[in-house]
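Below, each chain spelled out in residue letters.
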Amino acid sequence: MNTKLKLEHISFSYHSTDGETPALSDISLSVRDGEFIAIVGPSGCGKSTLLSLLSGLLQPEEGRIEIDGTMGYMLQRDHLFEWRTIFDNLILGLEIQNKLTDENKNSIYTMLNTYGLGAFANARPSELSGGMRQRAALIRTLALKPDILLLDEPFSALDYQTRLEVCDDIGTIIKKEKKTAILVTHDLSEAVSLGDRVVILSKRPGRIRNIISIQFEKAFDTPLKRRNAPDFPNYFNTLWKELSSNE
Amino acid sequence: MNKLSIKQQEYLRQKSHHKRRILIWRIALLIFFIAIWEITTRLKIVDSFIFSSPSRITHCFISMVFDGSIFMHIGITLLETLASFFLVSILSICIAMFLWLIKSCAEVLEPYLVMLNSLPKSALAPVLIVWLGNNMKTIIVAAISVAVFGSIITLYTGFKEVDKDKIKLIYTLGGTKRQVLTKVMLPASIPLIISNMKVNIGLCLVGVIIGDGVKVGVKKKLVASFLKFCNQKSEL
């Protein structure tokens, strides 16, 4: 399969008058088409910085990024605007990029119906539950038909039960749409249940400590089912040991 | 409908009783104040030439209603207030937006805004009258000068406090800074803009009254005595 995304020796630091804070150091990674990469690491290890670099919001100080396709970014919180209806929120990206065609609008209606939000097209964000809002945020990201999805802890603002459900929904949606995805999370079981590979970052400045391939049998093909797989605790423990061992 | 429990009825009764008492006291306080004012002026404890009195105000008001002049005065004041309010609203939103778009410009201008805002505007009014002439334009400029600087500072500070992640969202969707302004900043700031307008309408009225007062004063006495004072000075 062809490479969708390639990082070569990426480094990045934040600058302030108090000094320089190195955030990422020498990150190299290549991601295949359709692959789901989960990135875990201690807080402050530069996970979110990595996504900002990939989306072009920040420029790497060293190294090179090669991207084949367009990016969609899903933030930690849904940030649906209360002054717009759900539908108007979902067309925000299309509106910004002047792609507000009937065809694109129809595809949003289709997604709304497919993902169980059909009845809420004209509702205000506050009328939706946390899980529904997060699904709406995903549709907003998918509306621009990105080839690669960047997910920045998209479930962390949800309560535990909703979190499992939405994680399952969104994981399944992304698989179904055959998107390449990069998920940043600090939840190890989330990483194991979603990822094809899990990248473990060290603490600041973030370096790649290890990359673990995750494989489950066909019977465990959704995030929720994976959690019941016999291998699940083994992967979890491997990640746990990697993260907790000090260099 | 469910019948309310005795305790609930008791609670509601107490609540409405309390509300009524507050209202009675408010009105009583007003009547008390007006009565004291009237009595003290009648007994010449306070000077009615300076403080006027409720009966004189009522009398004056009624005679102005009968000859119709009150409506003209109210109309002019209202027009001046609304015109300056409208201009303050437009000006301050435009300038605050401009400052937000060009950050270094905001940094340069910040101390000047604070200084202009703390300038005593009533002291500015006579200067404006001498400069712009004794007309409605001057009153409106005076009213604008009272409200506009504070309004710019409030709006600009509000714009800066809009959720950074909402702004990031626009950039992740491929937006420009101008789109951040139109899609996030302005809609998110509407409650702020409205509350700021509520403050401004009051300030504009204050500005109009300051302007009007100074206008009358300048016309009648102040300029003459000021000039006389200047002459005496120069003669010395």
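Residues numbered from 1 in each chain as written. Chains lettered and ligands numbered in written order. Predicted model: local features only at pLDDT ≥ 70, side-chain atom pairs only at ≥ 80, totals over all residues.

This next bit is on helix H4 (residues 69–101) of chain B. Here H4 of chain B is 33 residues long and its end C-alpha atoms lie 48 Å apart, about the 48 Å a rise of 1.5 Å per residue gives. Every buried residue belonging to H4 of chain B is among Glu 80, Thr 81, Ser 84, Phe 85, Val 88, Ser 89, Ser 92, Ala 96, Leu 99 and Trp 100 of chain B, and all of these are buried. (Helix = DSSP H or I, 4+ residues; strand = E, 2+ residues; numbered from the N terminus. Expected span 1.5 Å × (residues − 1). Buried ≥ 20, exposed ≤ 12 C-beta atoms within 10 Å, placed from the backbone.)

Now for the confidence of the model for chain B. All names here are of chain B. Taken as a whole, chain B shows an average pLDDT of 87; of its residues, 91% reach a score of 70 or greater. Within chain B, the lowest mean pLDDT, 78, falls on helix H10 (residues 190–235), and the highest, 94, falls on helix H1 (residues 6–42). In the predicted assembly, ipTM is 0.84 and pTM is 0.77. (pLDDT = per-residue confidence, 0-100.)

All names here are of chain B. Their axes nearest at 7 Å, the elements H4 and helix H7 (residues 136–160) cross at an angle of 35 degrees. Viewed along their axes, H4 and H7 form a crossing whose handedness is right-handed. Tallied by class, residues from the contact of H4 with H7 come to 20 nonpolar, 4 polar and 1 charged. (Axes fitted to C-alpha atoms, helices over the stretch in contact; angles between N-to-C directions. Left-handed = near helix turned anticlockwise from the far one by under 90°. Nonpolar A, V, L, I, M, F, W, Y, C, P; charged D, E, K, R; others polar.)

The next subject is the interface of chain A and chain B. With 13 residues of chain A at the interface, the matching set in chain B holds 13 residues. The dominant element in the side of chain A that touches chain B, judged by the number of residues it contributes, is helix H3 (residues 92–96) of chain A, at 3 residues. Class assignment for the residues of the side of chain A that touches chain B results in 8 nonpolar, 4 polar and 1 charged. (Contact = placed C-beta atoms within 7 Å.)

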